[in-house]
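Descriptive structure summary
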Amino acid sequence: MSGLGLSGLISGGDTRAIIEKILRYELERIENRERDQQKLEKKQQAWRDVRSALTNIQSKLDALRLPFVYRSRKVTLTDESVATISAAQGSALTSYSLAVLSLAQTHVITQRDDRVVANPNAQLGISGTFRIGNDPADLKEITIEADDTLHSLADKINAANAGVRANVMAAGPDSYRLVLTSDASGTANAIRLEEVAGTPLQELGLLSGGGSIANELSAAQDAVFTLNGIQYVRATNTVDDAVPGLTITLKKVTGAGNPVQATVELDPDKVLESVKGWVDAVNSALSLMAKLTSYNTETREAGILNGEMQIRRLQTTLRSMVANEVSGLPHNWRTLMDVGISTGAYGSADYGKLVIDEKKFKEALAKDAEAVATLFGAMRVNPALEPGTSITVIGTGDGSGRLTDLINGVTDSDRFGSTGGGWEGVGAPSEANPHVIEITFASARTIDQIVLYQPDNLASLKAFTLEYWDETSGSWKALATVDDYNGAVYTANFDPKTTSRIRLSVTATHGDAPVRLTEIQVGQYNRGAAAEMSRYLRQLLDVESGMVENREKTLASQIKRIRDTIGRLEEQLTARQKQLEAQFARMEEALARLQAQGNSFAAMLMGFYS
């Protein structure tokens, strides 16, 4: 209220202070509203922090909701100096006998010793034309001129992109030579040299008079090895096509009679790493919510969300999900507590948090990793595999494979194109002519997941819709709609739906390719902890109707109303201030006139008596 223009010089009163006292009540109303606004803004930020914590949990659940992580593999060798072997998730748990007979080598050649030069920048005085490369069908032609040097010749060879790299290397004091190296290893990628005009290759000392390589530093050689007695020959030392799921990098020759043993086994550490990431995320969220809802009886200070029952329910629900029961498992397992994941005991430092007994959990994995996956909800019964299930297609026909291959449980991309390895339609779908694949179960099932597997290098799905048949309304309803998908494996997770039919409607493919699929996998509803928690969080965080979203919207609405109220009160305060200023100004003017009149009257009296 600064800027008042009244001093009370006439009345003798401090009109500025009087007006401030009159307006103090209105000002306190504004200050109270501002404090309310600040408190709500703190609550709003707290809920944003809760959202972030819940989103972090959800991201950690992504790996645990699917079976792949529980099928993590590691490979141990009796001699790790011989090779390095990695195994993809789901690779067969077995052993191999590996013998390395030879390692792949890259072809490297150079000039004869009597053709080295003292100065690599000196003119060679050689002219002519030759061909070079490591592909007999694509040799590149190089013309060498008399004023070329070793360096300029190397530049010409490299610029030709012939699959051969040229380098000038020092062979000793005042001794330089040209070294040619094939870009790829193996006998098929040996360096090829051919004279075209003149004999520049012979003059350089790269070819002998008979046309053979004059000085070979490293012969082109294939890798030769055996797995369980079966011999393989490959151009490189890294092999990923001998055994599905295995990538082998050969490092040392063993000879045929001295093989090493390679054992593919479960990698419990990778599973444990994912589970610990989830446990840590849950505990972090629980700690945050405990802080936000805390109350200190000594200081009587409360957390900003103290008293909000939604947070209390959220804390309780997250902790209780480790006790979700899953029926039908072996070993008398029913909950995650049976495999080492529980809530901290009352009175302990971990009370109210999730705790993992790593030793017990690893033992459970070693005993039955698939059952552990089921406890988390990652393994589901696939109703599409049950007898009595049928599958049909509309809008296209069978290009390759059988339609029933899409519901045979084979998801391996490497099997595509072979018997039982998937299906391909005919022609490209469009919005006017969608390609529709419909699966009818033997009986109604409650499902909450559909996974579309495509061949890795031939994935074509771009725009498509997944739907289920709603028995109540007698119509198809959408489960997921995708407009521009790029990927090989698409997973749709949704709230449980009870239905007897699902369908995939494809309206566009990349490059107008036909629809190509290896498997359509349907997930029956499972109450495992990871699956159930993911569903719960998805509902909480839904941007349209989720509890967290609604709470944030409510707070935002309340903050807006307070801001609007403050704005109105400030306008009223300003108007009231102006009104009071005007009133006091008129009062001072009136008093000034009265004072002037009094002074005049006093003067008249003094004149009368003088």
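Cut-offs and rules
Residues numbered from 1 in each chain as written. Predicted model: local features only at pLDDT ≥ 70, side-chain atom pairs only at ≥ 80, totals over all residues. Heavy atoms only, no water. Helix = DSSP H or I, 4+ residues; strand = E, 2+ residues; numbered from the N terminus. Buried < 20%, exposed > 50% of the residue type's maximum accessible area, 1.4 Å probe, protein only. Contact = heavy atoms within 4.5 Å. Core = buried A, V, L, I, M, F, W, Y, C linked by side-chain atoms within 4.5 Å. Patch = residues over 30% accessible without salt bridge, like charges linked within 9 Å, V, L, I, M, F, W, Y side chains within 5 Å. Areas by Shrake-Rupley, 256 points an atom, 1.4 Å probe, with all protein chains shown as cover. Salt bridge = Lys/Arg side-chain N within 4 Å of Asp/Glu carboxyl O. Phe/Tyr/Trp six-rings, centres within 6.5 Å; stacked < 30°, edge-to-face > 60°.

Moving on, we get to the overall build of the chain. The helix and strand inventory of the chain stands at eight helices and 27 strands. The principal-axis extents of the C-alpha atoms in the chain amount to approximately 155 × 75 × 60 Å. Evaluated residue by residue, the chain yields a buried proportion of 43% over its 610 residues. Long-range pairs, those at least 24 residues apart, make up 72% of the contacts in the chain with a sequence separation of at least 6.

Here we come to the nonpolar core. Membership of the largest hydrophobic core comes to 67 residues, with the highest contact counts inside it found for Leu54, Ile57, Val275, Trp278, Leu318, Phe361 and Phe376. If you list the elements that add at least two residues to this core, you get helix H1 (15-64), helix H4 (268-292), helix H5 (309-320), strand E19 (354-356), helix H6 (358-376), helix H7 (529-540) and helix H8 (547-609). The element best represented in this core is H1, accounting for 12 residues. Beyond its immediate stretch of four places on either side in the chain, leucine 318 contacts Leu54, Ile57, Leu286, Met289, Met533, Tyr536 and Leu537. Formed by 30 residues, the second largest nonpolar core is a distinct cluster that contains Ile407, Ile447, Leu517 and Ile520.

Let's shift gears to a nonpolar patch on the surface. Where nonpolar side chains cluster on the molecular surface, the patch consists of Phe601, Met604 and Leu605 and spans about 320 Å² of accessible area. Its location among the elements puts leucine 605 in helix H8.

With phi around 55°, aspartate 174 is a residue other than glycine that occupies positive phi space. Take aspartate 174: it is sitting in the loop between strand E7 (164-172) and strand E8 (175-185). Of note, aspartate 512 is a non-glycine position whose phi angle comes to about 55°, a positive value. Structurally, the position occupied by aspartate 512 is in the loop between strand E25 (489-509) and strand E26 (516-517).

Quick look at the packing of aromatic side chains now. As enumerated under the stated definition, the model contains nine aromatic pairs in all. Where tyrosine 70 meets phenylalanine 376, the ring centres are 5.7 Å apart and the plane angle is 35°; that geometry is what we call tilted. Taken together, the residues span a long stretch of sequence, with tyrosine 70 in the loop between H1 and strand E1 (73-77) and phenylalanine 376 in helix H6 at a distance of 306 residues. Each of the two residues, tyrosine 70 as well as phenylalanine 376, counts as buried. Ring-pair connections join several aromatic residues into one group, and the members of that group are Tyr70, Trp278, Phe361 and Phe376.

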